[in-house]
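Next come the chains, spelled out residue by residue.
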Amino acid sequence: MCSPEEAALLRLEEVFSATLARVNSLVLQPLLSAAQEPSEPQSRECLRLLQQLHGSSQQLWEVTEESLHSLRERLRHPGSTGLESLLLLRGADHVLQVYIEYIESYTSCIVLQAFQKAAKRRSEFWRGQLKALRQLLSGVGSKGSVGTALIQALRQPLTHHVQQYVLLLLSLADTVPEDVLCTPARRLLQDSQDVPVTVTPLRAERVLLFDDALVLLQGHNVHTFDLKLVWVDPGQDGCTFHLLTPEEEFSFRAKDPQGHAVWQWKVTQAVCQALRGKKDFPLLGAGLEPSEPPACRCTAHTFRAEGRFCQATYEGEWCRGRPHGKGTLKWPDGQNHVGDFRQGLEHGFGIRLLPQASEDRFDCYKCHWWEGRMSGYGICEYGTEEVYKGYFQEGLRHGFGVFESPPQAAQPFRYTGHWEKGQRSGYGIQDDSDRGERYIGMWQADQRHGPGVVVTQAGVCYQGTFHADKMVGPGILLSEDDSLYEGTFTKDLTLRGKGKVTFPNGFTLEGSFGSGAGRGLHTHGVLDTSALPPDLSSICKRQLGLGAFPVENRWQGVYGPFRDFVSAGCPGDLQEALLGFHVQSSRELRKSQDYLCCERTQPEDSVGRIKDSLEELLQHREPKALQQYLRKALSNSLHPLGKLLQRLMLTFQATYAGVGANKHLQGLAQEEVKQHAQELWATYRGLLRVALQHKGQALDEEEEEEEDAETRDLRVCGLVLPLVLPSFYSELFTLYLLLHEREDSLYSQGITSLSLFPDTKLLEFLEVQKHLWPLKDLTLTTNQRYSLVRDKCFLSATECLQKIMTTVDPREKLEVLERTYGEIEATVSRVLGREHKLPMDDLLPLLIYVVSRARIQHLGAEIHLIRDMMDPIHTGGLYDFLLTALEACYEHIQKEDMRLHRFPGHWDSRELW
């Protein structure tokens, strides 16, 4: 009786034979009949290759017909004709050679573009045949050239047929009878008919041990196990031992200890010989103690049992019957996984390719796995060209991550924030490039939900509460001209219902707002014009998000993995999964998708690097040495502190660059930078504890005192903040520029007016006492007067103050201001011929003179950033005094009498010479 697999094989061969006949009549014959004897050498070569392909196709059809004949004979006479009569078994080498010749002929035609050239000569004919090709041949796309269709027609039937062969022949192996198992190249080592043994739970009727396989016969079923993938475990008693294979575990039990010893010894030695690739077999009891096969091996196996690995072929390292170590999994549908395995599951770094429905498109996951599921940091590039970079848990996006669509997408977007079980949840930032707006706020179940801020490219800002992706209840709107609306909105963020508008000039409009089709915005209310114009400082205080998003809760998904890593004692083997893997360039990361490998920093190197970093940390605990250590660590992307800073920079840019460069977000950004500095310090302290624990030590009393909140804040502001501020400075200073734009505009007008004065006239205008004028610094000719010379007085102080723009550290800016004051005092002392300390009444006009000549752009933004970011330890000290004096100069230059003063027009020209 024939098996269902043989019947399926017969149907497969019948379909393939018919398909070859159709391809021959539809493609190959027209190609040859249209070809004329060409004169060019290349064309002659193309014709020769087409003829060769036609011949190999004919041989392939003949072999298929022979195979059909042998299958039909087997089906007609199942009792008299054995399975070995099948052509696929008795003539396997011949069949394989025919297939190889066809493939070689086909690929040679591809290389010389023979199909495209032949199709071009009869383009009209082939255009008419194109529809027939697509109807008759499965897998031929609806788009593409004639040449492409011909290539697919000659490739896909063969590819599909070979794939079906593989699956059916694997199934057919289980139906092979005992006599077929005995071949000249195989040796039978032991038979259960000679030494009885029972097998559980398979309950085999007969057991055959060959030099390359273990065979269990169970009725009509034959179970064959490759000895290279058999592990022997001694049993608890003297009559039983266990065998482990990739998909089965069973026990051998002999009737007596002697039988047990024979089977266990022979199976063990057969496994050893199979692994060594040797055929000779030692006699039982001869020689030294029997060698034990290694627990870890490297070979290939195709899984047949149901499950995730069904029909997948694993090639790589094994341990006790399970994939363990580095290996590759390949499924028939094109799915691949390359990476680390542990106890039969993906565990560690791995690259997974998942084919998509459309041809040549697939999802590529480069990430860490934990017991068969994605867990930890990963980068996923989808067939839709979307990219996710972030954390996973249980195979789903979970924790912090960035999800981005390609720029050419219909609705391009970028989300930077937190995820929970595959959905956006928690604090996150999303850019909608199509609408030109950015949402900053809370999410739940992939929708905006909770407090949120919307910033648009037009400069309009919204803040309110969102529910199921729509704003509900009261909210506020800040327009670009600083008009403020407080009230209710419609779902599409238009003014609707009761509200109040405060205009920049202080006027208020309170009432009901609405909008109608084609009528724009309309209102019914009371306009109050009695209020005085608000000062600039009150407008600057209109900051969004400060109360809605507590700064310590915003980026827990970024801080969390680093806290966990430190709390776990900085294990080197988990560094890559928690902190992310490092590659030399993005180009190498993209190549990993094509070659299924990733040249990353190896885990062994990570272990050593962490140990070295902790050792170095202990050697740099003094203040100056600690500053050098932190600077080096923060600039190193392979160090936990450097990696954390990189992630925080990413979130900062996602929030405040581009559309987020809005003055109403300055307060949000400022407190975020300070919080990041605190988290980096906390991470450093955690690393210090781990380093000490590795040495069996603990923090001393002085270091324990630094856990005090006040002491910690001083260390953060004095040590960490100056080191991390440069990483956020560009976006942060832009927000300060926008926030103080009006003040700086008035200041610039004042500077422009004062620049028209010569030195002596400006000193006189500022009421600087004449005995303090450095007239010796003015180099004049005989006919010149003091009133013509500019930018000569107090030149050293002016050049010193201009350096305030060359640094980002608030302390260094204050030191520049201190040196400027010193240069002014030194110049005055030189003029007076004695050391002189300037009182405030004399210092302020001289400082105004130096500020006006320094012409520092955006001085207001500089002053406010210094004030907000400077070390609290300087409050009430010299630096505070000098900064207050600079603020007074800045405000004085903004005054109307400074801005409106012009170069005196009533001067007599003779006075100039």
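The structure under discussion appears in the preceding block.
Bear in mind that the values here come from a model prediction, so they are computed numbers and not experimental data.

**Section: the overall build of the chain**
Within the chain, the secondary structure is distributed over 27 helices and 27 strands. Accessible surface, the chain: about 45100 Å² in total, of which carbon and sulfur atoms supply 51%.

**So, helix α23 (residues 810–832)**
Counted at 1.5 Å a residue, the expected span for α23 with its 23 residues is 33 Å, and the 33 Å between its end C-alpha atoms agrees. The opening residue of α23 is aspartate 809, an N-cap whose side-chain oxygen sits 3.1 Å from the backbone nitrogen of arginine 811.

**A word on a nonpolar patch on the surface**
Side chains of Met840, Leu878 and Phe881 sit close together on the surface and give an oily, nonpolar patch of about 260 Å² of accessible area. With respect to the secondary-structure elements, phenylalanine 881 resides in helix α26 (residues 878–894). According to the relative accessible area criterion, phenylalanine 881 is partly exposed, its value standing at 36%.

**Let's talk about the packing of aromatic side chains**
Counting across every chain of the model gives 31 aromatic pairs. Look at phenylalanine 403 and tryptophan 419: their rings are 6.1 Å apart centre to centre, the planes differ by 80°, and that puts the pair in the edge-to-face class. Pair noted here: phenylalanine 403 is in strand β17 (residues 396–404) and tryptophan 419 is in strand β18 (residues 413–420), with a separation of 16 residues, a long-range link. With respect to burial, phenylalanine 403 and tryptophan 419 carry one shared label: buried. Centre to centre, the rings of phenylalanine 794 and tyrosine 849 are 5.9 Å apart; their planes meet at 65°, and the pair counts as edge-to-face. Here the residue phenylalanine 794 occupies a position in the loop between α21 (759–765) and α22 (795–802), and tyrosine 849 occupies one in helix α24 (residues 840–854), the gap between them amounting to 55 residues. With a relative accessible area of 0%, tyrosine 849 lands in the buried category.

**Description of the nonpolar core**
Among the nonpolar cores identified, the biggest contains 74 residues, and Leu630, Leu680, Val724 and Leu732 are the most heavily contacted of them. Leave out the neighbours within four places in its chain, and leucine 630 touches Leu641, Trp681, Tyr684, Leu719 and Leu723. Residues Tyr747, Leu754, Leu814 and Leu843 belong to the second largest nonpolar core, which totals 45 residues.

**Things to note about empty space enclosed by the protein**
On inspection of all chains with the given rule, the structure shows 3 cavities of 30 Å³ or more. In this structure, the second largest cavity encloses a volume near 60 Å³. Lining the second largest cavity are Thr19, Leu20, Val23, Leu60, Tyr102, Ala153, Leu154, Pro157 and Leu158. Residue assignment for the lining of the second largest cavity shows that the elements contributing at least two residues are α1 (4–34) and α7 (146–172).

**Structural notes on the sheet that holds strand β3 (residues 206–210)**
Sheet strands associate in pairs through backbone hydrogen bonding, adopting either a parallel or an antiparallel arrangement. In space, the 4 strands of this open sheet follow the order β1-β3-β4-β5, with antiparallel pairing throughout. Both edges of this open sheet fall to β1 (188–191) and β5 (221–226), since each of them pairs with a single strand only. Ignoring which end each strand starts from, the neighbouring axes of this sheet average 20° apart. Relative to β5, strand β4 (residues 213–218) runs antiparallel, the two being bridged by 6 bridges. The residue of β5 that forms the bridge with valine 215 is threonine 224.

**Describing the sheet that holds strand β7 (residues 240–244)**
Read across the sheet, 4 strands follow the order β2-β8-β7-β6 without closing on themselves; strand pairing throughout is antiparallel. Looking at strand neighbours, the two that pair on one side only are β2 (197–200) and β6 (231–234), the edges of this open sheet. Averaged over all adjacent pairs, the angle separating strand axes in this sheet is 25°, with direction ignored. Note: β6 against β7, 4 bridges, orientation antiparallel. Pairing of proline 234 across the sheet is with phenylalanine 241, part of β7.

The rules behind each value
- Along every chain, residues carry numbers that run from 1 in the direction the sequence is written.
- Given that this is a predicted model, residues contribute local features only at a pLDDT of at least 70 and side-chain atom pairs are listed and counted only at 80 or more, while totals for whole chains, interfaces and linings are drawn from all residues.
- Computation of side-chain values covers all heavy atoms of the structure but excludes hydrogens and water.
- Each helix is a run of H or I in the DSSP string that is no shorter than four residues. Each strand is a run of E no shorter than two, and both are numbered from the N terminus.
- Accessible areas in this description were obtained via Shrake-Rupley with a 1.4 Å probe; residue shielding takes into account the shown protein chains only.
- Helix span, as expected, comes to 1.5 Å for every residue beyond the first.
- Side-chain atoms alone can form a polar contact between residues adjacent in sequence; in general such a contact is a pair of N or O atoms within 3.5 Å, and within protein one must be able to donate a hydrogen while the other accepts it.
- Excluding any residue in a salt bridge, patches collect residues exceeding 30% relative accessible area, merging like charges within 9 Å and nonpolar Val, Leu, Ile, Met, Phe, Trp and Tyr side chains within 5 Å.
- By salt bridge we mean one thing: a side-chain nitrogen of Lys or Arg within 4 Å of a carboxyl oxygen of Asp or Glu.
- Buried means the residue's accessible area, taken with a 1.4 Å probe over protein chains only, is under 20% of the maximum for its type, while exposed means over 50%, and partly exposed covers the values in between.
- Only rings of Phe, Tyr and Trp enter the pairing, Trp through its six-membered ring, and a pair is recorded when the two centres are within 6.5 Å. The plane angle decides the type: under 30 degrees is stacked, over 60 is edge-to-face, the rest tilted.
- Buried residues of nine kinds, namely Ala, Val, Leu, Ile, Met, Phe, Trp, Tyr and Cys, make up a nonpolar core once their side-chain atoms join them within 4.5 Å.
- Two residues qualify as a contact provided that any one of their heavy atoms is within 4.5 Å of a heavy atom in the partner residue.
- Each cavity reported here is a set of points on a 1 Å grid over the protein atoms alone in which a 1.4 Å probe fits but cannot get out, each pocket an open set with protein on both sides within 12 Å along at least five of seven lines, and each lining residue one with an atom within 4 Å of a point.
- Grid points are joined across faces, edges and corners, and a volume is the space filled by probe spheres set on the points.
- When DSSP finds at least two bridges between two strands, those strands are taken to pair.
- A fitted line through C-alpha atoms represents every axis, and for helices the fit uses only the stretch in contact; the resulting angles, taken between N-to-C directions, go from 0 to 180 degrees.

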